[in-house]
Amino acid sequence: MDADYLVVGAGATGMAFTDALIDHADVRVALVDRRYGVGGHWLAAYPFVRLHQSSTFYGVASTVLGGGRIQSTGPEAGLHERADQPKITSYYSDLLADRMVGSGRVELFAGCDYLGERTFVSRVSGQRYEVAERCRIVDARYLAPDIPAESEPRFGVGDGVRVIPVNEVVSLEEAPSQYVVVGSGKTATDACIWLLARGVDPDAICWVRPREPWMLNRALIQPDPAIYLGMFADLVQAAGAAPSLPDLFLRLEELGIMHRIDRSVTPTMAKAPTLGTWELEQLRTIQHVVRLGHIASVRRGRLDLAEGSVAIADDAVVVDCAADGLKRLPRIPIWGPDVITPQPVRAGFPCFGAALTGYVEATRDDDTDKNRLCQPSSYGNSLADWARMNVLGARSSAAFGAEPDVKAWSDSVALNPARIPPGYAVTPALDDALSRLQRSLPAGIARLDELSRTTPSVP
Ligand SMILES: Cc1cc2nc3c(=O)[nH]c(=O)nc-3n(C[C@H](O)[C@H](O)[C@H](O)COP(=O)(O)OP(=O)(O)OC[C@H]3O[C@@H](n4cnc5c(N)ncnc54)[C@H](O)[C@@H]3O)c2cc1C
């Protein structure tokens with residue numbers, strides 16, 4: 001195969017990297033994915049999934065997903081649109097056709113498995129392909145999430161008990177007397193909201209939450225610099241004065257930045273997806289919450305957990321939402337000797353990180369320089385992980401923000417949550433946010449760094 005780049009994985013990461021690369025360099029890309037098309041895990045996601053963040057922060061640099069629309073009706077009226085699965089997958093297939101294959105510089109090899117050693121094979125025809133030594137390999141699946149539809153339950157399942165991945169809850173033929181929702185993350189909250197919206201009595205839901213999550217207030221994670229930078233200024237100001245991480249999160253809750261479902265329980269989990277206040281109110285109607293650790297096994301009429309056992313209805317449907325959607329693998333230099341491994345660069349926002357990596361790859365020759373500009377951050381999990389993510393993200397942003405062309409590019413890209421778009425009117429609110437950030441960012445990040453090192457990472 002004659003290609004300059006072999007990109008393994010055509011999910012959000014591979015697409016964002018490739019889009020920015022071909023936008024800024026005249027190169028040929030072979031895009032390989034074992035799935036039947038582009039879009040990655042979204043091709044097998046549960047049907048009622050939506051982005052938890054604004055569509056504007058998701059996708060590729062060249063094309064804004066959803067065109068920046070603001071919701072005019074419903075519980076999130078006034079907030080930016082959050083694309084659902086059909087919108088996300090059609091966005092990616094349009095991008096592939098119009099911008100990538102259409103440019104003649106990208107070829108997709110769908111249904112192909114990358115085997116390593118510059119070789120991939122078609123699962124359909126058996127045809128094997130090999131790329132030349134000069135071709136750069138891009139590993140765009142390093143942080144690929146596990147998803148319920150493709151994950152076995154992480155607990156034992158006895159005879160005669162129904163355990164389903166969340167995808168299948170939409171095709172049940174008969175309503176059980178009880179749903180057991182398993183998981184503490186965004187997928188579990190989506191499943192609960194979906195069941196409640198279809199008239200399931202909150203008392204018919206048993207929610208197994210091995211850990212209590214902190215979640216970000218969606219109204220403050222919006223593509224509006226005054227709102228987003230205002231939120232971040234509040235966050236680092238609070239961090240600078242925080243005696244401990246648990247105290248900081250309680251302070252962030254008071255500031256309206258963080259939500260917890262049950263105010264009588266102190267969460268230990270901070271993957272921090274966003275949540276709408278309307279969702280919070282609905283989730284609080286579910287009283288039957290099981291906090292006995294992870295499930296060891298499910299049998300007819302009973303859950304056995306790490307710290308105890310709970311009776312459930314004999315006909316209960318156990319809805320597994322516990323697949324690990326946010327991988328925490330070691331941070332490695334994005335430019336390695338043999339492979340480029342895109343990872344988040346800011347705190348979160350993986351699409352921006354992948355796009356920035358594509359832009360830097362297209363515009364620079366020296367890998368040491370590229371690694372200086374794109375230092376990987378990590379994802380949150382424990383409170384200490386969350387603090388570390390913000391410290392790494394702030395340092396990386398300072399590094400790439402100091403480079404004039406990278407700064408100009410990242411300010412022109414809607415994927416960048418902290419950007420001030422060219423020509424944006426500086427309102428008094430934005431002015432205030434910027435001056436507070438200037439004053440409090442160094443001390444806030446230094447304190448977060450200290451706390452991330454001194455706070456035990458509770459799994
Ligand atoms: C339900 C859900 C909701 C989310 N919502 C958001 C959100 O709102 N905002 C946000 O920023 N992030 C969100 N995320 C985080 C999400 O992980 C990332 O945003 C992103 O979609 C991850 O994409 P990826 O390309 O890294 O992985 P994937 O989408 O999994 O793509 C990796 C691809 O690599 C392919 N692959 C793997 N191994 C091979 C091989 N050997 N050969 C060939 N192909 C291979 C796989 O088939 C797959 O298609 C969400 C995650 C989940 C699970």
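Residues numbered from 1 in each chain as written. Predicted model: local features only at pLDDT ≥ 70, side-chain atom pairs only at ≥ 80, totals over all residues. Heavy atoms only, no water.

One pass over the full model with this rule turns up two cavities of 30 Å³ or more. Roughly 60 Å³ of internal volume is contained in the largest cavity. Lining the largest cavity are Tyr-142, Leu-143, Lys-327, Arg-328, Leu-329, Pro-330, Arg-331, Gln-343, Pro-344, Ser-377, Ser-378 and Tyr-379. By volume, the second largest cavity amounts to about 30 Å³. Considering the residues around the second largest cavity, the lining is formed by Lys-186, Thr-189, Asp-190, Met-215, Arg-218, Pro-273, Thr-274, Leu-275 and Glu-279. (1 Å grid on protein atoms, 1.4 Å probe; cavity = no way out; pocket = protein on both sides within 12 Å on 5 of 7 lines; lining within 4 Å. Points joined across faces, edges and corners; volume = space filled by probe spheres on them.)

For the rest of this paragraph, the subject is unusual backbone geometry. The phi dihedral of Arg-118 is positive, around 65°, even though this residue is not glycine. By secondary structure assignment, the location of Arg-118 is in the loop between strand S4 (112-116) and strand S5 (119-122). For Arg-118, a relative accessible area of 14% corresponds to the buried category. Non-glycine residue Ala-272 carries a positive phi angle of around 50°. (Helix = DSSP H or I, 4+ residues; strand = E, 2+ residues; numbered from the N terminus. Buried < 20%, exposed > 50% of the residue type's maximum accessible area, 1.4 Å probe, protein only.)

This next bit is on a negative patch on the surface. Together, Glu-173, Glu-174, Asp-314 and Asp-315 give the surface a local cluster of negative charge. With respect to the helices and strands, Glu-174 occurs in the loop between strand S9 (162-165) and strand S10 (179-182). Residue Glu-174 is classed as exposed on the basis of its relative accessible area of 60%. (Patch = residues over 30% accessible without salt bridge, like charges linked within 9 Å, V, L, I, M, F, W, Y side chains within 5 Å. Areas by Shrake-Rupley, 256 points an atom, 1.4 Å probe, with all protein chains shown as cover. Salt bridge = Lys/Arg side-chain N within 4 Å of Asp/Glu carboxyl O. Lys, Arg positive; Asp, Glu negative; His and termini not counted. Charge placed at Lys NZ, Arg CZ, Asp CG, Glu CD.)

Once that is clear, we can look at the packing of helix H5 (residues 245-254) against helix H9 (residues 383-401). Axis separation between H5 and H9 bottoms out at 10 Å; the angle between their running directions is 75°. By the angle between their axes, H5 is roughly perpendicular relative to H9. Residue-level contacts link Leu-245, Pro-246, Leu-248, Phe-249 and Leu-252 of H5 to Leu-383, Ala-384, Trp-386 and Ala-387 of H9. Its residues assigned to classes, the contact of H5 with H9 comprises nine nonpolar, no polar and no charged. (Axes fitted to C-alpha atoms, helices over the stretch in contact; angles between N-to-C directions. Parallel < 35°, antiparallel > 145°, perpendicular 65-115°, else oblique. Contact = heavy atoms within 4.5 Å. Nonpolar A, V, L, I, M, F, W, Y, C, P; charged D, E, K, R; others polar.)

Glancing now at the domain arrangement of the protein chain. Under the domain assignment, the protein chain is made up of domain 1 (5-145 + 329-381) and domain 2 (148-213 + 271-320). A C-alpha centroid distance of 31 Å is found between domain 1 and domain 2. Taken residue by residue, the interface counts 16 residues in domain 1 and 17 residues in domain 2. Looking at the side of domain 1 facing domain 2, the largest losses of area belong to Tyr-46, Phe-48 and His-52, adding up to 48% of the total buried there. (Domains from an automatic or database assignment. Buried area = accessible area lost by both parts, 1.4 Å probe.)

Let's shift gears to the pairing of strand S11 (residues 205-208). Of the two faces of S11, the one holding Ile-205 and Trp-207 and the one holding Cys-206 and Val-208 are both buried throughout. Pairing analysis gives four bridges linking S10 to S11, with the strands arranged parallel. From the neighbouring strand, Val-180 faces S11, where its bridge partner is Cys-206. Across two bridges, S11 lies against strand S15 (residues 289-290) in parallel orientation. From the neighbouring strand, Trp-207 faces S15, where its bridge partner is Val-289. (Pairing = 2+ DSSP bridges.)

Strands sit in the order S9-S19-S10-S11-S15 across an open sheet of five strands; the sheet is parallel. One side of each edge strand has no neighbouring strand; the edge strands of this open sheet are S9 and S15.

To continue, consider the packing of helix H1 (residues 12-24) against helix H7 (residues 350-363). At a minimum axis distance of 7 Å, the contact between H1 and H7 shows a crossing angle of 30°. When the interaxial angle is binned, H1 and H7 end up roughly parallel. In this structure, H1 meets H7 at a crossing whose hand is right-handed. Every residue of H7 that contacts H1 at Ala-12, Thr-13, Ala-16, Phe-17, Ala-20, Leu-21 and His-24 is listed here: Cys-351, Ala-354, Ala-355, Thr-357, Gly-358, Tyr-359, Glu-361, Ala-362 and Thr-363. Partitioning the contact of H1 with H7 into residue classes produces 10 nonpolar, five polar and one charged. (Left-handed = near helix turned anticlockwise from the far one by under 90°.)

Attention shifts here to the layout of surface pockets. Its volume calculated, the second largest pocket comes out at about 390 Å³. As for the second largest pocket, its lining consists of 19 residues, of which Arg-50, Arg-82, Ile-193, Trp-278 and Glu-279 are closest to the centre. When residues of the lining of the second largest pocket are traced back to their parent elements, those giving at least two are helix H3 (186-197) and helix H6 (277-283). For the lining of the second largest pocket, the element with the most residues is H3, which contributes five residues. Partitioned by chemical class, the residues of the lining of the second largest pocket number eight nonpolar, three polar and eight charged. Two domains each donate at least three residues to the lining of the second largest pocket, and these are domain 1 (5-145 + 329-381) and domain 2 (148-213 + 271-320).

Looking now at the sheet that holds strand S18 (residues 308-311). Taken in spatial order, the four strands line up as S8-S16-S17-S18 in an open sheet, and their pairing is mixed. Of all the strands in the sheet, the pair left with one neighbour each is strand S8 (156-157) and S18. Where strand S16 (residues 295-299) lies against strand S17 (residues 302-305), four bridges are found, and the strand directions are antiparallel. Opposite Arg-299, over in S17, you have Arg-302 as the bridge partner.

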